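# Examining the three-dimensional arrangement
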Amino acid sequence: MDESLRSSAFEHLVLASQVARRKVALAKAERLAQRAGDLAEGSLERSIALETLAEALFDDFRGDEAYRTFAEAAELRLASTPDDRSHLAYLFARTVEMPVRWPGIMMHLPSLEEVGRYLDLGFEHLSPGDSEERARLFIARSMRPFSTFGDGYTIEQLQAHLEEAEAAAEMAGRLGLPLLASAALDGAAGAAIMQGRASLMIEIDERRQELLPLLDDPGEIGDMYSNAALARIHV
């Protein structure tokens, strides 16, 4: 195939997959991303195709596959473009998002050591200042106690995680990213309940609900309502 045609076809397949995912045509999005992967040349293009596929798998609640695919995309980008620090940080953040925030959509959880390695790699590639990837990594780190529901963490350590989640929420607000602000407040509320502070969990949850008019992600909205009910059960 002519290289210019191949390159154009690859780019259009990636774009078509992204459009299909936004329309919640997830099977089509996955199929188009896989076709992009078939046309990919080199590690960078394979990473782009895998990232596109991982986004669709995540939206399809296929957590194990999304985790592995994000991880492979991150490793390939690290090998091909190690100086692309911001996107590497983003990909490592997306990788750990599954086991730390959405373990319920996974059949087999990776080891804490593996998750910790990807989280560390994400922070190693952060650039200074506010950014989406920094907010995502703060959220992921703040939620690590969720994997054991606080077991092995002191009250002081849980407080540090709560404060990091609050910092991520503030950063997401400055960046105009309400979805991430909601995720961060989810982490803060989780840390509060693990401390046994149900009233604080409700206060955080009420701030999270104020973001509802700004959200368009069904999974995030469903999680918000679920946690609102949980908070009031604990009072």
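This section reports on the structure supplied with the text. Note that the coordinates shown come from a computational prediction; the quantities given were computed from them, not determined experimentally. (Residues numbered from 1 in each chain as written. Predicted model: local features only at pLDDT ≥ 70, side-chain atom pairs only at ≥ 80, totals over all residues. Heavy atoms only, no water.)

### Side note on the overall build of the chain
Our working definition: Labels follow the DSSP assignment, with helices taken as runs of H or I lasting at least four residues and strands as runs of E lasting at least two, numbered in each case from the N terminus. Summary of the burial criterion: residues with accessible area below 20% of their type's maximum are buried, those above 50% are exposed, and those between are partly exposed, where the area comes from a 1.4 Å probe applied to protein chains only. We call two residues in contact whenever any of their non-hydrogen atoms come within 4.5 Å of each other. Throughout, the Shrake-Rupley method with a 1.4 Å probe supplies accessible areas, and for residues the shown protein chains are the sole cover considered. We score Asp and Glu as negative and Lys and Arg as positive, and we do not count His or the chain ends. Just so you know, the charge point we use is NZ for Lys, CZ for Arg, CG for Asp and CD for Glu.
Looking only at helices and strands, one finds 11 helices and zero strands in the chain. Counting helices and strands in the order they occur from the N terminus, the chain gives α-α-α-α-α-α-α-α-α-α-α. Taken along the three principal axes of its C-alpha coordinates, the chain extends 65 × 35 × 35 Å. Across the 235 residues that make up the chain, the buried fraction comes to 50%. Contacts in the chain between residues far apart in sequence, at least 24 positions, make up 61% of those at least 6 positions apart. By element, 55% of the accessible surface of the chain is carried by carbon and sulfur atoms, the whole surface being about 11400 Å². Separation of charge centres in the chain, based on 24 positive and 40 negative side chains, amounts to 3 Å.

### Quick notes on the environment of L13
Along the chain, L13 falls in helix α1 (residues 3-22). Separated by 39 residues in sequence, L13 and T52 place their C-alpha atoms 9.9 Å apart. Discounting residues that sit within four places of it in the chain, L13 has contacts with L32, R35, A36 and L39.

### Comments concerning unusual backbone geometry
Phi at V24 takes a positive value of approximately 65°, unusual for a residue other than glycine. Mapped onto the fold, V24 is located in the loop between α1 and α2 (26-39). Here V24 falls in the exposed class, since its relative accessible area comes to 62%. Backbone geometry places F61, a non-glycine residue, at a positive phi of 60°. Position of F61 among the secondary structure elements: in the loop between α3 (42-59) and α4 (63-80).

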